[in-house]
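# Structure assessment
Each chain, letter by letter, is given below.
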Amino acid sequence: MKGLLSHVAAVAIGLVLMIAGLGLGVTMVLLPVGLVVGLAGVGLFVWGLVGHLGKKT
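Figured I'd write up the structure that's included with this text. Just so we're clear, the structure is a prediction, and the values are computed from it rather than from any experiment.

## Concerning the overall build of the protein chain
In terms of helices and strands, the protein chain carries two helices and zero strands. Relative to a compact globule of 57 residues, whose C-alpha radius of gyration would be 10 Å, the protein chain shows 13 Å and is clearly more extended. A principal-axis box enclosing the C-alpha atoms of the protein chain has dimensions of 45 × 15 × 10 Å. Relative to its full complement of 57 residues, the protein chain shows a buried share of 16%.

Shown next as structure tokens:
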């Protein structure tokens, strides 16, 4: 149950970070920050979806 909750939280936080990165990337001044935040969100989102595949139960 704890593993499922952490993966769901990672997916949700990843989505929020991707949306925030997209919003920051709209302005030319904050584009570098938006890229970093958006890519961190993508990484967290993907880990939340497929991070459990390597574990043996």
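## What about the packing of helix H1 (residues 2-26) against helix H2 (residues 31-50)?
For the pair H1 and H2, the least separation of the axes is 7 Å and the interaxial angle reads 160°. In terms of their interaxial angle, H1 and H2 are classed as roughly antiparallel. As for the relative orientation of H1 and H2, their crossing is left-handed in sense. Residues of the contact of H1 with H2, tallied by class, amount to 16 nonpolar, nine polar and no charged.

## Topic: H2
Taking 1.5 Å as the rise per residue, H2 with 20 residues should run 28 Å; its terminal C-alpha atoms sit 28 Å apart, in good agreement. Within the sequence span of H2, burial applies to Gly34, Gly38, Gly41 and Gly48. Taken end-on, H2 shows its buried residues confined to a sector of 85°, consistent with a single buried face. Facing away from the buried side of H2, by more than 90 degrees, are the exposed residues Pro32, Val36 and Leu39. Taken together, the buried residues of H2 touch H1.

## Thoughts on the environment of Leu44
On the secondary structure map, Leu44 appears in helix H2. In this structure, the C-alpha to C-alpha distance between Leu44 and Gly25, residues 19 residues apart in sequence, is 18 Å. Discounting chain neighbours no more than four positions away, the residues touching Leu44 are Ala10, Ile13, Gly14 and Leu17.

## Looking at the environment of Val50
Note on placement: Val50 falls in helix H2. Judged by relative accessible area, Val50 falls into the partly exposed class, the value being 43%. Remark: the alpha-carbon pair of Val50 and His7, spanning 43 residues in sequence, is separated by 8.9 Å.

What counts, and where the lines are drawn
Residues numbered from 1 in each chain as written. Predicted model: local features only at pLDDT ≥ 70, side-chain atom pairs only at ≥ 80, totals over all residues. Heavy atoms only, no water. Helix = DSSP H or I, 4+ residues; strand = E, 2+ residues; numbered from the N terminus. Rg over C-alpha atoms; globule rule 2.2 N^0.38 Å. Buried < 20%, exposed > 50% of the residue type's maximum accessible area, 1.4 Å probe, protein only. Axes fitted to C-alpha atoms, helices over the stretch in contact; angles between N-to-C directions. Parallel < 35°, antiparallel > 145°, perpendicular 65-115°, else oblique. Left-handed = near helix turned anticlockwise from the far one by under 90°. Nonpolar A, V, L, I, M, F, W, Y, C, P; charged D, E, K, R; others polar. Expected span 1.5 Å × (residues − 1). Arc of directions from axis to C-beta. Contact = heavy atoms within 4.5 Å.

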